[in-house]
Structures are given as C-alpha cells and as structure tokens.
Amino acid sequence: MKLASRLDHIEPFYVMEVSKAAAALAAGPACDPAQGGRRMLWLNIGEPDFGAPTGVGAAAQRCIAERRTPYSDATGLPELREALSAWYAQRHGLQIGPERIVITAGASAALHLACLALFEPGDEVLLPDPSYPCNRHFVAASGASARFVATDATSRYQPTPEAIEQAWTAATRGVLLASPSNPTGTSIEPEALRRISTLAHERGAALLVDEIYLALSYEERYAQTALALGEQVISINSFSKYFGMTGWRLGWLVLPPDLVRPVEKLAQNLYICASTLAQRAALAAFTPEGLAECEHRRDELRRRRALMLEGLQRIGLPVPVAPDGAFYVWADVRAHAADAWDFCFDVMRRAQVALTPGRDFSPQMARHFVRLSFATARADIEEALDRLGRLLGR
Ligand SMILES: Cc1ncc(COP(=O)(O)O)c(C=O)c1O
C-alpha cells in the first residue's frame, strides 16, 4: 500500500522509543530486586507523578453516574470556557473572553487545529532548536515546512528577535515557540517575546506560543502569558501538566476573535469535541481547594528542581541554564560521552536510571545534551543522582 508522502517529514518520537527500551529492561532481572537487581528510576518522564487534583476524579464519577456525557459544543462546555476566562483574570489580571477559548483534546489537538487553520504547503514556520519534537510535526502535518532557528545558552535556548528576523523568508507564515520550553525548562525573555510578536504582526504572520508549562513557572519574571501582548497572539495550553491530567486528554486554545470560527469548523469535523467527561471533571480543578492543591504541587516541584540542580552540580553534569519552569533540566554530557544517545543507554543499563537523549529535540545539540525530568519523587531523584555520580566516578 502506498503511504502518503507527508509521513516522510514525520520522524518517530524517540522519547517513546527510549522509554520502551527502559520499560523492557525494568521488567527483566537487572531491575528485579528478587534476582539481585535494582529497580529502574525514571528521570525520563514527561508527566507529573501527582495525578489530577482530588476533586476531579469524584466529579468524573458523578458525571458517569448521572450520564452527563453527550457531545459538547465543538468549542467546549461553556462552563469550562468561563472557568478558564476567570482563571486568566485571577492569575494574570487579563480579560480573556470565553468566546476566544476553544477546548481541545490536549495541547496536541490544539496545535493540530491551529496549524491546520493557518498553514499550508509552501509555507514556512520558524521554531527554535531545541524544541518539543511534535510541534514541528504538527507543522509538517499541515503541509508547511518547519525551519529551525538556532539558539544557545546566552538566550536561554530561546530564539532572539535578531535570529528570527535572519531566518525569515518570503514563505514565513508563523513562529511557534514554547515558553517555558520542553526540553530546557527555560522561558523566553519578555522583551524578546514582545519584539518577536511585533515582528510577526507587522509581517502578517502568526505567533503561536505553547504555554503548556506556564503555570509551572518558578520565577515571577517569566510567569506572564504571551496573551498580555495583545489579541493577535495564539496561546496553546493544557490540563496535562499543571493540573496533572495527562491521560484525560484536555487542553485549550486562546485565539484571536477572527480565528475562532475557522477553528470551530475544523474541530467540528475532525474531533466533534473534547471528551465531555474530562471537561466536566476538569471544572472541579477550579474550586479553591483544587487550585490550592495545584499550587502546593508547584511548590513541591520547585523543591525538586533545587534538589536536581544541586545534585547535578555535585556529580559534574553541567546545566548551562537553570530551568525557570516546567520539570526538565537540559544537561551537557560531552565531558562524559561522545554521544548523548549512547550515554543514555549506558546509564540505563549500568545505573538503572532512565534519561532522555537530546535527539528528538535538537538537530544542533542532540549529540551533547540529555533531558532529565524532576517530575518524580524526591527520594528517587536523590537515589538516581547517587547512582549517576558513582557511574561518573564522583
Ligand atoms: C511543549 C509541549 N507541548 C505540547 C505537549 C502535548 O501535551 P498534551 O498532553 O496536552 O497533548 C507536550 C507534552 O509533553 C509538551 O511538552
């Protein structure tokens, strides 16, 4: 059977492939304490270990018992759009009308819908190197081409306005950033973001900012949403990370008013709606108790970040830029290995610690960097750093 040529531009998600190898090892004797092995420690995980806020599960159960699960509007339950609008007002002091918010099946569907609405073959979209790999594949799925913009530690692995301007061609139709970023946990400087937004607006291109980790900001300086720059900015967000609801598959878009109807049309046809069950349950996350629980978890992640950074410094794995958000650290392993991919497999086999090689995220830095996640229990982070330290002779 002939496959569509768009697949030529979609690479495997190597994070998943490495996880699969680690899971296979974890199920074998090397990780079985009964056979003298040690359990695998997971520093490769892209989801918090907390799960959804307490009230969310009970709300879902009530919803099932009452059979309140028909399709919702393609743009989402009005109550949930209202709740998000109120959340923006309370958290960011911004008036974002519920009519600009579209509920989606995770940030993934939000990215898919936005890219399909905006881009087509012949278009180019600028993305930083490094960045979350699926983002360039959403661009590819629309038929457009993703063009990488090189970054380095001096700009927190985020593109500078100058680099964006240099990479701009007659075909450029959009800029897609993530702040804080996966894999680096670093955010773009607010002034750089403002200048990139102005540039894109003046040239009639779209600025899409993936803010899925924004609520997990640890520094006030980077905690404001790009939506504060004006209603031309498109923000992608999710219940997966801050609200701990990865498998519920729920996210949202904030759109310029004239993009809502086109995205609604696409959503009606492609997805009908996001899960009604997940939407009703998510409402429980916005109670004072639900929000307090999420903030408490952010404090815990902040403590884990400190533990991770101190530990990595102790064992000699440099982190050129400390993360200000999310739960990732982008560490330079070139003092210890010629290739980060081999380093990860070596660490997995000899220390039973699962890491993520840079390969998915960065053509430019793939060979020298690994991503470590601190979305796991403090005791496991400490143990993993000890094992790594011993392996590296520290
Ligand atoms: C930067 C970024 N964007 C989007 C996603 C997709 O998230 P969701 O679970 O909401 O689809 C992820 C998931 O890890 C991510 O890291």
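To be clear, the structure that these remarks concern was listed above.
Residues numbered from 1 in each chain as written. Predicted model: local features only at pLDDT ≥ 70, side-chain atom pairs only at ≥ 80, totals over all residues. Heavy atoms only, no water.

Inspection of every chain in the model, using the stated rule, returns 18 aromatic pairs. Ring geometry for F327 versus Y328: centroids 4.9 Å apart, planes at 65°, classification edge-to-face. Residue F327 is classed as buried on the basis of its relative accessible area of 0%. Between the NZ or CZ atom of R359 and the centre of the ring of W341, over which it lies, the distance is 4.2 Å. (Phe/Tyr/Trp six-rings, centres within 6.5 Å; stacked < 30°, edge-to-face > 60°. Buried < 20%, exposed > 50% of the residue type's maximum accessible area, 1.4 Å probe, protein only. Lys NZ or Arg CZ within 6 Å of the ring centre and 35° of its normal.)

Turning our attention to the nonpolar core. F239, F243, W252 and L253 are the most contacted members of the largest nonpolar core, which has 93 residues in total. Take this core: its biggest share by element is 7 residues, from helix α10 (residues 288-315). Excluding residues that lie within four positions of it along the chain, F243 makes contacts with G51, A52, P53, W87, S238, W252, A285, F286, L291, C294 and R297. Counting residues in each nonpolar core, the second largest holds 19 residues, with V149, W168, I188 and A226 among its members. (Core = buried A, V, L, I, M, F, W, Y, C linked by side-chain atoms within 4.5 Å. Helix = DSSP H or I, 4+ residues; strand = E, 2+ residues; numbered from the N terminus. Contact = heavy atoms within 4.5 Å.)

Right, let's get into the pairing of strand β12 (residues 369-373). Of all 5 residues that make up β12, 5 are buried, and the element is covered over most of its length. Neither face of β12 is left uncovered, since the one carrying F369, R371 and S373 and the one carrying V370 and L372 both have all their residues buried. Here strand β9 (residues 328-332) runs beside β12; their pairing, made up of 5 bridges, is antiparallel. Looking at the pairing, A331 lines up with V370 of β12. Sheet analysis places strand β11 (residues 356-357) next to β12, joined by 2 bridges and oriented antiparallel. Pairing of P357 across the sheet is with V370, part of β12. (Pairing = 2+ DSSP bridges.)

Where strand β3 (residues 124-129) meets strand β4 (residues 145-150), 6 bridges bridge the pair, whose relative direction is parallel. Residue pairing in the sheet places L126 in a bridge with R147 of β4. Handedness of the crossover joining β3 and β4 through helix α5 (residues 133-141): right-handed. (Right-handed = clockwise from strand over helix to strand, strands pointing away.)

Our focus in this paragraph is the pattern of salt bridges. By the definition in use, this model includes 25 salt bridges. Residues R302 and D299 are paired through a salt bridge, measuring 3.0 Å at the closest nitrogen-oxygen approach. Here the residue R302 and the residue D299 both occupy positions in helix α10, the gap between them amounting to 3 residues, near one helical turn. A salt bridge links E383 to R387; the shortest N-O distance between them is 3.0 Å. With E383 and R387 both in helix α12 (residues 378-391), this residue pair falls 4 residues apart, about one helical turn. Salt bridges linked by common partners bring D49, E300, R303, R304 and R378 together as one network. (Salt bridge = Lys/Arg side-chain N within 4 Å of Asp/Glu carboxyl O.)

Attention shifts here to the site of the ligand. Taken together, the residues surrounding the ligand are G106, A107, S108, Y132, N182, D210, I212, Y213, S238, S240, K241 and R249. Within the side chain of S240, an N or O atom sits 2.7 Å from an oxygen atom of the ligand. One of the side-chain nitrogen or oxygen atoms of K241 is found 2.8 Å away from an oxygen atom of the ligand. When the free accessible area of the ligand is taken as 400 Å², the share hidden by the protein chains comes to 92%. With 3 residues, the single largest contributor to the shell around the ligand is helix α4 (residues 106-118). Here the shell around the ligand is composed, by residue class, of 4 nonpolar, 5 polar and 3 charged. (Near = heavy atom within 4 Å. Polar contact = N/O pair within 3.5 Å; in protein donor to acceptor, adjacent residues only side chain to side chain. Areas by Shrake-Rupley, 256 points an atom, 1.4 Å probe, with all protein chains shown as cover. Nonpolar A, V, L, I, M, F, W, Y, C, P; charged D, E, K, R; others polar.)

Right, let's talk about the sheet that holds strand β6 (residues 206-210) for a bit. Backbone-to-backbone hydrogen bonds pair the strands of a sheet. The strands run either parallel or antiparallel. Strand order in the open sheet formed by 7 strands is β2-β8-β7-β6-β5-β3-β4, with mixed pairing between adjacent strands. The open sheet has two edge strands with one neighbour each: β2 (101-104) and β4. In this sheet, neighbouring strand axes are inclined to one another by 25° on average, regardless of whether the strands run parallel or antiparallel. (Axes fitted to C-alpha atoms, helices over the stretch in contact; angles between N-to-C directions.)

The next subject is a nonpolar patch on the surface. On the surface, L3, L7 and I10 cluster together to form a nonpolar patch covering roughly 270 Å² of accessible area. Tracing the backbone shows L3 in the segment before α1 (14-26). (Patch = residues over 30% accessible without salt bridge, like charges linked within 9 Å, V, L, I, M, F, W, Y side chains within 5 Å.)

Now for unusual backbone geometry. Following D129, the chain continues into P130 via a peptide bond in cis, with omega recorded as 15°. Along the chain, P130 turns up in the loop between β3 and α5. Of note in the backbone geometry, R67 takes a positive phi value of approximately 55° without being a glycine. The backbone of R249 sits at a positive phi, close to 60°, despite the residue not being glycine. Tracing the chain through its elements places R249 in the loop between β7 (234-238) and β8 (251-254).

Functional significance is not addressed by these values, which are geometric in nature.
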